[in-house]
Amino acid sequence: MNLEDLEPLLLRAERVLERLEAWLPRPLGAPDWDLSTAFRYRRRQGMGRLEPVRHVSTIQLADLHEIEPQKERLWRNTAQFVSGQPANNVLLTGARGTGKSSLIKACLNTFADQGLRLIEIDKADLVDLPDVVELVSRRPERFIVFCDDLSFEEGESGYKALKSILDGSVAAASDNLLIYATSNRRHLLPETMKDNLSYQHTEDGELHPGEVVEEKISLSERFGLWISFYPFSQPEYLAIVAQWLSHFGLDAAAIEAARPEALVFALERGSRSGRVAYQFARDLAGRRALDSGAGSA
């Protein structure tokens, strides 16, 4: 077979290789870091990429009320991190709607001018976390990897990837990256009644968790800082309502008159949370503005 006969075969082989390359995994590419202070990790057609967030939440620490101890602890840890001092990965746990995610976003806005950046990554994409760590390891900025509403089912692959990055992998995370995660439960794996069977009783009456239980609590223990959030009392809920109504421009008399309606709103939602308080304030402020516009028309 001469060279002329081989040319068609070589062309076909090149086309096949081009198609295969489209399916092969590619290194994670760097985004334009100047486009935003926050980025989302997304997979598109089997390839991961960091996408800049065009409209970053503008919430500030001063907007968050009735969580002062939690606010102070996260602010201090983030301040240490941004200034190049030792700081911990953080797990924020507790009641829904109490400001866990909002507190992380507010810390980003507080320290963005000092080089803090945030990368949001879904639980399903945590298997690619080592690629993200490698990508930012040589950047001058300080990065928080944000995992919202984190929990795992048995056997999920992202669990091991996160566990290794937090503590335990031979390749440690770089000094310019921390992980902040929120969850409604402190132990990030489901706990079942049969887990109790693994507990061991010693002769002196002490009770020790078995291997199953130890494994289920091992991930949360790798976070150096735990910050717990609790359901709001009625006075706390009303204080948050008042703060948001004031934010939307209502005066003191209107805020006081709105208290009964705010309580009914919370009762209908089955929750006195900060999120419900904010939703009520938006609803009431919007209705008042609309009624005022209709009256003037």
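Within each chain, residues carry numbers counting from 1 in the order of the written sequence. For this predicted model, a pLDDT threshold of at least 70 governs which residues receive local features, and a threshold of 80 or more governs which side-chain atom pairs are given and counted, while totals over whole chains, interfaces and linings are taken from all residues. Note that water and hydrogens are dropped before the side-chain values are worked out from all heavy atoms of the structure.

Labelled according to an unreviewed UniProt entry, the protein chain appears under the name ATP-binding protein, originating from Ideonella oryzae.

1. Side note on the packing of helix α7 (residues 234-247) against helix α9 (residues 259-269)
To define axes, lines are fitted to C-alpha atoms, for helices over the stretch in contact only, and angles between the resulting N-to-C directions are given on a 0 to 180 degree scale. Put simply, DSSP marks the helices as runs of H or I at least four residues long and the strands as runs of E at least two long, and each gets a number from the N terminus on. One way to put it is that α7 packs onto α9 with a least axis distance of 11 Å and a crossing angle of 115 degrees. In terms of orientation, α7 lies roughly perpendicular with respect to α9. α7 and α9 meet at a crossing whose hand is right-handed. Taken together, the residues of α9 that come into contact with α7 (itself represented by Gln234, Tyr237, Leu238 and Val241) are Arg259, Ala262, Leu263, Phe265 and Ala266. Here the contact of α7 with α9 is built from residues that sort into seven nonpolar, one polar and one charged. The scheme is simple: roughly parallel for angles under 35 degrees, roughly antiparallel for over 145, roughly perpendicular for 65 to 115, oblique for anything else. Handedness of a crossing follows from how the near helix is turned relative to the far one, being left-handed for an anticlockwise turn of less than a right angle and right-handed for a clockwise one. Contacts are residue-level and defined by heavy atoms, with any inter-residue pair within 4.5 Å sufficient. Here the term charged refers only to Asp, Glu, Lys and Arg, the term nonpolar to Ala, Val, Leu, Ile, Met, Phe, Trp, Tyr, Cys and Pro, and the term polar to all other amino acids, Gly among them.

2. Focus: the nonpolar core
In terms of nonpolar packing, the biggest core is built from 47 residues, with Leu74, Leu92, Tyr237, Leu245 and Phe280 touching the most fellow members. When sequence neighbours within four positions are dropped, the list of residues in contact with Leu92 reads Leu74, Lys100, Leu103, Ile104, Ala181, Thr182, Ser183, Ile227 and Phe229. Think of a nonpolar core as a cluster: buried Ala, Val, Leu, Ile, Met, Phe, Trp, Tyr and Cys residues, connected wherever their side-chain atoms sit within 4.5 Å. Burial classes follow relative accessibility: with a 1.4 Å probe on protein chains only, a residue under 20% of its type's maximum area counts as buried, one over 50% as exposed, and anything between as partly exposed. With 26 residues, the next largest nonpolar core counts Leu126, Cys147, Leu150 and Ile165 among its residues.

3. Focus on the sheet that holds strand β6 (residues 177-183)
At least two bridges found by DSSP between two strands are what make those strands a pair. Judged by pairing direction, the sheet is mixed, and its seven strands sit side by side in the order β2-β1-β4-β5-β6-β3-β9 without closing on themselves. Looking at the sheet topology across the chains shown, the edges are occupied by β2 (47-52) and β9 (225-229). Here the average twist between neighbouring strands, direction ignored, is 25 degrees. Here strand β1 (residues 38-44) runs beside strand β4 (residues 116-120); their pairing, made up of three bridges, is parallel. Following the sheet pairing, Phe39 is matched in β4 by Ile119. Its contacts with the sheet place helix α3 (residues 100-111) against β1, β3 (90-94), β4, β5 (142-147), β6 and β9, and it is angled at close to 145 degrees to β4. In the packing of helix α4 (residues 129-136) onto the sheet, contacts are made with β1, β2, β4, β5 and β6, and the angle to β6 comes to roughly 145 degrees.

4. As for the side chain of Ser101
Along the chain, Ser101 turns up in helix α3. Residues adjacent in sequence count toward polar contacts only when both atoms are side-chain atoms; beyond that, a polar contact is any pair of N or O atoms within 3.5 Å, and within protein one must be able to donate a hydrogen and the other to accept it. Looking at Ser101, its side chain comes within polar contact range of the side chain of Asp148, at 2.6 Å. For Ser101, the residues in contact, after removing those within four places along its chain, are Phe146, Asp148 and Thr182.

5. Observations concerning unusual backbone geometry
Positive phi, normally seen in glycine, also occurs at Glu66, with a value near 65 degrees. As for its position among the elements, Glu66 is in the loop between β2 and α2 (68-82). Glu66 sits in the partly exposed class, given a relative accessible area of 34%. Positive phi outside glycine occurs at Asp149, with the angle close to 55 degrees.

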